[in-house]
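# Commentary on secondary and tertiary structure
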Amino acid sequence: MAAHLKKRVYEEFSKVVQIPHEETPAKKLRLSKPSKSAALHIDLCKATNSTDALQYLLQFARKPVEAESVEGVVRILLEHYYKETDNSVRLKIASLLGLLSKTQGFSPDCIVDDAINTLSNEKSHQVLAQLLDTLLVIGTQLPESPALRLRLVEVAYKHLSDTYFGVRNKCLQLLGCLGMVDAPVGKENEGPGTSLGGLRDVQSIISDYFGDQDPRVRTAALKAMVGKPCNPPCTACRLLTDDYEQVRSAAVQMVWVLSQLYPESIVPIPSSNEEIRLVDDAFGKISHMVSDGSWMVRVQAAKTLGSMLQVSPHFLEQTLDKKLMSDLRRKRTAHERAKELFASGEFSSGRKWADDAPKEKLDTNTVNLIASGACGAFVHGLEDEMFEVRIAAVEALCHLARSSPSFAEKCLDFLVDMFNDEIEEVRLQSIHVLREISTHITLREDQLDTVLAVLEDSSRDIREALHELLCYTNVSTKECIQLALLELLKNLNKYPTDRNSVWKCLKFLGSRHPTLVLPLVPELLSTHPYFDTPEPDMDDPAYIAVLVLVFNAAKSCPTMPALFSDHTFRHYAYLRDSLSHLVPPLRLPGRKQVYGLDSVDSGPGSGSVESAQLFLQQSLNRVSTIQNLEASGAQDLLDLTIRDLQRLGELQTELAGAADFCATYLRCQLLLMKALQEKLWNMAVPLCLKQNVTATAAAQQILEETYKLEFLYSGLESRQVATIHHVRLQAKALQLVLTARTRQGLDLLIGSCERFLQDVESFQRLFLTELPHLQDSFVDKLLELMPRLSSCKPVELVKILQTTLRQSGLLQLRLPEQIHRATATIIEPTGESDNPLRFTSGLVVALDIDATLEHVQDPQNTVKVQVLYPDGQSHVIHPKPGDFRKPGPHRHRLITQVYLSHTAWTEPSQIEVRLLLAYSSSSTSLTSPSKLGWSESLESLPAAEAAVEGTIPFSKAVKVFIMPKPARR
C-alpha cells in the first residue's frame, strides 16, 4: 500500500503542474469584502459613551472605503448623528461626511438633502461650521448641477447672520466658490428674522462683509471675492490700511486680481481731475505696501509686484528712485503751458498782488499719480531688515527685468549691490537673478569688480553660482576679461576643489568674447616674437584654465592660432583628448596629418533627430510582427532590435531615454519568451530542473526590470505605466506557475493564488481607463475569466494561467512625447588616485562626494550613497536634504560627506562608491490616489497593494583606495 501511494505521488508530480493529491475536498478561492457600514454600525453600538464613539470614528477614518459602500456608511453616520448629544462626536461625523464625499466613483448628490437637514436643528456653532464645509465639498464635487449650487448658496445666505465668525467664514467661502454672478440670491419678501432682505447678487452680499467687526470674516470676504469678477473700482482698496495683517494681505491679493482682470480700465485719481490705468493704480497701491508694518505683508507685496508685467514703464522705473515724481504732479507739455498763458491774456507785470505766485500748496498726503510709498518701493524692499523681504524684492526685480530690457539695465546696480548682503541666501538669490537677466545686460568694469569680489566667499554654493553667472555674462572691455581671469585663477588657487567649475566658466567666457581675448593671447600664453619661452607644466590647473579660455575663443577667431607656439599645439592635442567637453575642435591649417585636428564640430541637427525618431518608431513597429514568426526567429529579431536601440541611445543623446526605455521593455519580453519556450512545459519536472531554475531567475529579473522602467524614467503617461504593470503581472503569473511545479504544500499555493488574484483586481481598479487599449492581452483574457478564477481550485487556476501566458502575445508599446532616464555622474572622488586614504581602524574618515543628478524626481528622499567594502560589507547612507542643490531645471547637485570605518587591513584595497535610486511602489503618482481613496492612510491596504521597496543603481561605481591602519598602543 505504501509503495502504491509513492507511485501515485510521483505520477502527480510528473504532470505539467504538480499539486499533491489529497482525499479531502480541495479548497476554493473566494474573495469577499466585509461590509464597512455593518462594521461601523457594530462599533458605534458597542460605544458606551461619547469618548468610545469618538475613538471608533477616529479608527474608521484611517481605513479606506470603496465607492459602493459609501452611501451605506453615510446612512449609519447620519443615524448616529441624530442620536448623539456630544458636540465633539457630531463634529467628527460632519467631518467624515465631507471626506466620504470625496471618494472616487461616488456621487454625493444622494446625501445632499440629509446634509442640509442636519443644519436646521444644530445648535453648536463649531458643528454648524463643519457641516457648511461638508456642503462646500459636496458642491465642488458636483459642478455640473446649477440647481444644487443655487440651493447651497441659499443655505449659506441664510446662515450669514450667525454670531460665530467660523460660520460666517464658511458661508462666505461657500458663496465665493459656488455663487454665480448672474443668479440673484435671497427672497423678495424675507421674514423678520433675517437681517438680509430682497434679491441681491453674490458680489454685493460678499462686499457687505468687508466691514465686518471680526478681521477673520473680513479676510474670508476678500478671499471669496477673489473668484468673482467685479467691476472696478472696488472697496477692497480701503482695506489695504486695515489694522490686521491678514486682512491687508488678502486686500493685496484682491487688488492684484482686479489689475489682471481689468488692466486697461481707466480710474479717476482722488482729489484730482486726472485719470490713470487701473493696472498702474494697483501697482502704486501695492508698491506702497512694501513699506507695511508686517514683514509678511511686505513679502507678499514684493512678490505680487513681480507678476504685474503690464505696468507702464515710467511707473516701473519710479520704484527704483526714492525722489517723488515731479512733485507728485503730471508734467504739462510746453504747448499746454503756452496755451494757458495765452488764455490769461497778459504776462505778469508785477502790478497785481501775487499774480505770479505758486499755485495751491501741495499736500503730500494727497497723492495724484502714484503713492509716495511707491516711489523707491524696490529700494525699500532691497534695504529691508528682514531677509525674506529682500529675497522677495530680488525675485520680483527678476520677473520684471526679464520682460523689460530697459528696466533690466536700470536695476543692474541694485542687484550687484545685493551681492554684499550679510545673508548667504540673499546673495545666492541675487546671483541667480542676475544670471536670468544676463541676456539684457553688459557689465561695466566697476560692476564686474563688485561681482568678482564674491569669489572670496567661503560658501561653495555662492562661488559655483557666480561661476555659472560669468558663463552667461557679457563684459565690455578686454580689461574686464583680464580682471575676470585673474580673480578666477585666485579662486582656483585658494579653493582647488572648484577646478571643474572654473574651467567650465572660462570655456563660456572665451567663446562669448573672442575679440576681447585676441589681444591678450601673447600675454596669456607668455609668447615672444623673437625668443623661445619655457614650456609650461601641463599638470598646472591654472595653465589648463588659461588654455581653455584661449582655445574656446579661437573657435570663433580664425586669426588666433597664428599666435600659438609649437608646444601650445601639442597641449591642444592632449587637452582635446583628455578634456574634450571643455576644448572644442579647431581648424588648424597644416596640422591635420600631425594631430588630426582639422575636424569641425558637426553636432547632430534637427534632421538627424527626426531620422532617429523615425528609426525608433520603425523598430517598434517591426517588433510588433514577431507573433507571425517562429520562436527562434522572434528571439533573434528581439535581440537585434535591442542592440540597435542601445546603439541609437549612445549616438543620439536626445533620444537616449526613449531608446533605453524601449530596449529594457523588449528585454523583458525576450526573457518572458525564453521562459515560456515549448520544451520546458512538455517535460516532467524532474527532467527539467535546470530549465526551471533558469525560468525562475528570468521571472525575478523581469520584475526587477519593470521597477526600473517605472521609477528610473520620467515623463511616462498612464498608458506606459499600465504596460509596465502588465508585464509585471505576467512575471508574477510565471512565478506562480513555477512555484506550483516545483514546491509542495497546498497552503503555500493557496496563499500565492489569493495574492495573484488581488494583483489582478488591483490592476483593474488602477488602470480602468486604459483597459480598452489592452484588448487581447494577458490581463484582458484574465479579466474575462475572473468569475471562474475566483471560484476554481488552485490546480485549475494554475493551468489556466499557464495556458493564457503561452497564448498571449507582445503588447505594443506606445511612446510618449518625452522620456528621460535618471542618471548620476560622480565627479569626486575621481577614482584615479593611487594614494590610499589612510585612517586608524575603529575610527572614521570623511570621503567627499560630489555628483550631478539629471532628471531625478524628489532626490532628497530617493537618492542614497552605497559604499561596498572588499569583504562584501555594504553600507547605504541617506544624504541630508541640505546636501542637494538645484543649479538648473531637471538638474541637481549632491555635495556631501560619507564616513568610512573598518577594521585594520594588511594592505590598501579598493572600496566601491555608487549612487542608488530608492523606490516604493506606493509612491507612484498614478496609483496612489486610487489606492488611498478618500483616506490618507496606508494602514489597511490589502496584501497585494503593500508597498514594494528597493533600490536601483543609477551611476557608475567609483573605486577609492583606503587603508585602515592598526591603532598604536
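Residue positions within a chain follow its written sequence, with the count starting from 1. Totals for whole chains, interfaces and linings use all residues, but because this is a predicted model, local features are given only for residues with pLDDT of at least 70 and pairs of side-chain atoms are given and counted only at 80 or more. For side-chain calculations, the full set of non-hydrogen atoms in the structure is used, while hydrogens and water are omitted.

## Structural notes on the sheet that holds strand 12 (residues 884-888)
Strands pair, by our definition, only if DSSP identifies at least two bridges between them. Per the convention used, a helix needs a DSSP run of H or I reaching at least four residues, while a strand needs a run of E reaching at least two, with both numbered from the N terminus. Taken in spatial order, the four strands make up an open sheet running 7-9-13-12, and their pairing is antiparallel. Edge positions in the open sheet fall to strand 7 (823-828) and strand 12, since each of these has one partner strand only. For this sheet the average axis-to-axis angle between neighbouring strands, irrespective of direction, equals 30 degrees. Note that strand 9 (residues 845-854) and strand 13 (residues 891-900) share ten bridges and pair antiparallel. Bridge pairing in strand 13 links Ala846 to Tyr899. Of the strands in this sheet, strand 9, strand 12 and strand 13 are in contact with helix 23 (residues 460-471), which crosses strand 13 at around 150 degrees. Axes, fitted as lines to C-alpha atoms, cover a helix only where it is in contact. Angles between the N-to-C directions of the axes lie from 0 to 180 degrees. A contact between two residues is defined here by any heavy atoms of the two lying within 4.5 Å.

## Quick word on the confidence of the model for the chain
In predicted models, pLDDT denotes the confidence assigned by the predictor to each residue on a 0 to 100 scale. Within the chain, residue pLDDT values average 78, and 80% of them lie at 70 or more. Taken together, the stretch residues 5-32 has pLDDT below 50 and engages in 50 contacts with residues farther than four places along the chain or on a different chain. Segment residues 592-607: pLDDT under 50, and 23 contacts once partners within four positions in sequence are set aside and those in other chains are kept.

## Some words on the pattern of salt bridges
Where side chains of opposite charge bring their charged atoms close, a pairing between them can arise. Whenever Lys or Arg places a side-chain nitrogen within 4 Å of a carboxyl oxygen from Asp or Glu, that contact is recorded as a salt bridge. Going through the model one piece at a time under the given rule, you end up with 38 salt bridges. One network of salt bridges, with partners in common, ties together Arg460, Glu464, Asp850 and Arg893.

## Quick look at the packing of aromatic side chains
For Phe, Tyr and Trp, rings pair up if their centres lie within 6.5 Å, where Trp contributes its six-membered ring, and each pair is then called stacked (planes under 30 degrees apart), edge-to-face (over 60) or tilted (otherwise). For the structure shown, the criterion picks out twelve aromatic pairs. Judged by centre distance (5.8 Å) and plane angle (80 degrees), the rings of Tyr81 and Tyr82 are edge-to-face. Where Phe378 meets Phe407, the ring centres are 6.5 Å apart and the plane angle is 50 degrees; that geometry is what we call tilted. Residue Phe378 is located in helix 17 (residues 377-382), and its partner Phe407 is located in helix 19 (residues 405-410); the two are separated by 29 residues in the primary sequence. Classification of Phe407 as buried rests on a relative accessible area of 0%. Taken together, the ring pairs connect Phe551, Phe564, Phe569 and Tyr572 into an aromatic cluster. For a lysine, the NZ atom is tested; for an arginine, the CZ atom; a charge sits over a ring if that atom is within 6 Å of the ring centre and within 35 degrees of the ring normal. The ring of Tyr495 has Arg463 lying over it, and the distance from NZ or CZ to the ring centre is 3.6 Å. Lying across the ring of Tyr707, Arg728 places its NZ or CZ 4.0 Å from the centre. Burial status follows relative accessibility: with a 1.4 Å probe on protein chains alone, a residue under 20% of its type maximum counts as buried, one over 50% as exposed, and anything between as partly exposed.

## A short note on unusual backbone geometry
Residue Pro829 is bonded to the preceding Glu828 through a cis peptide linkage, with omega at 0 degrees. Inspection of the secondary structure puts Pro829 in the loop between strand 7 and strand 8 (837-840). Its identity as a non-glycine residue notwithstanding, His855 has a phi of 55 degrees, on the positive side. Note that His855 resides in the loop between strand 9 and helix 41 (859-862). Here the phi dihedral of Asp858 falls at roughly 55 degrees; this positive angle occurs in a residue that is not glycine. Its location among the elements puts Asp858 in the loop between strand 9 and helix 41.

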